[in-house]
Amino acid sequence: MKNNKIVSHIRKAAVQGNFYPKECSKLKATIEKFIQELETIPESKDMKNIIPQAVIVPHAGYIYSGFTADCAYQFLKRSKAKRIIVIGPSHHYYFKGISGSYFEAYETPCGEIPIDSPYLFALAKQFNIGFEPEGHKKEHSTEVQMPFIQYYFPHTKVIELIYGDIEVKELPNIILALLHNKENAVVISSDLSHFHDLEVAKAHDYSCLRAVDHLNIEILKKGCEACGLTGIQAMILAAKALKLSSKLLDYRTSADATADTKSVVGYMSAMFY
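All residue numbers here refer to positions counted from 1 along the written sequence of the relevant chain. For a predicted model such as this one, the threshold for reporting local features is a pLDDT of at least 70, and the threshold for listing and counting side-chain atom pairs is 80 or more; totals across whole chains, interfaces and linings nevertheless cover every residue. In computing side-chain properties, one takes all heavy atoms of the structure into account and sets aside hydrogens as well as water.

Draft legend 1. The nonpolar core, seen in detail. For this analysis, a nonpolar core means a set of buried residues of the types Ala, Val, Leu, Ile, Met, Phe, Trp, Tyr and Cys, connected via side-chain atoms within 4.5 Å. Relative accessibility under 20% of the residue-type maximum defines a buried residue, over 50% an exposed one, and the middle range a partly exposed one, all with a 1.4 Å probe and only protein chains included. Grouped together as the largest cluster of nonpolar side chains are 83 residues, with contacts concentrated most on Y73, I87, L161, L171, I175 and F272. Where helices and strands are cited, they refer to DSSP runs of H or I of at least four residues and of E of at least two residues respectively, numbered from the N terminus. In terms of residue count, the dominant contributor to this core is helix α2 (residues 62-76) (8 residues). Setting aside chain neighbours within four positions, we find I87 in contact with T142, L161, Y163, L171, I175, L178, V186, V187, I188 and S189. By the convention used here, residues are in contact when the closest approach between their heavy atoms is within 4.5 Å.

Right, here's the structure in full:
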């Protein structure tokens, strides 16, 4: 891992106009449409007072998984977190370990989100978090979360952590340390199975859903093919250590958007409280 020093002022938005709109007005309109859709779904009584400390969200294009992600952010906004740490897998660049966002700010179509560099420096010293600039340059698993965070938490700072080739045991202790601070909220980014037909995809995804619902990583071994499997495992382990409860919020596949049932990707959102 490279030295943890700021090498660029701004982490540029790499997938705007592709995964989500590049115009601020259209981006806000997209999120507000998700809000309107969610308002048509009755909220169960046992969810009215839940204030989550962490969520799992998907990271595909907003037309596929934006609503599923928004379900989680609608609850996470209740936390009034002052700092949100987004944790996602590296898709485009191989490295070992965990890389932190050593920039000053994160660009979105609606401006910039400040990165809490002093907090990241302290965290990095405690957990040996380095910096792989190429890993951050176009990583969509974390980037697609930033417009949601900016919309729901306009005065909140962020930290982006991307993990490469790591053992599962490296991540839960970081999540534990983050959640011991009540000013923090954690966002775990992961899609589920990829490119199976719908029936097979749902069978694989059911393992992921049950594991999160029961906080049992052993169930993940029964077919869960999440691309952010390490993050999900770590979140389950941290939740158990903190005696948190979990709640599934939404599940769907790309077939819901495209009607193509031959090759689908699965999406889940959940919260921990």
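Draft legend 2. Inspection of the state of the cysteines at higher detail. In this description, a disulfide is simply a cysteine sulfur pair whose atoms lie within 2.5 Å. Counted according to the given criterion, the structure contains 2 disulfides. Here C24 engages in a disulfide with C110; their sulfurs sit 2.1 Å apart. Handedness of the C24-C110 disulfide follows from its S-S torsion of about 105 degrees: it is right-handed. Residue C24 is found in helix α1 (residues 24-39), and its partner C110 is found in the loop between β5 (105-108) and β6 (111-114); the two are separated by 86 residues along the sequence. For C24, a relative accessible area of 23% translates into the label partly exposed. Here C208 engages in a disulfide with C224; their sulfurs sit 2.1 Å apart. Taking the sign of the torsion about the S-S bond as the criterion, the disulfide between C208 and C224, at about 105 degrees, is right-handed. Taken together, the residues span a long stretch of sequence, with C208 in helix α8 (residues 198-214) and C224 in the loop between α9 (217-220) and α10 (229-241) at a distance of 16 residues. Accessibility assignment for this pair places C208 and C224 in one class, buried.

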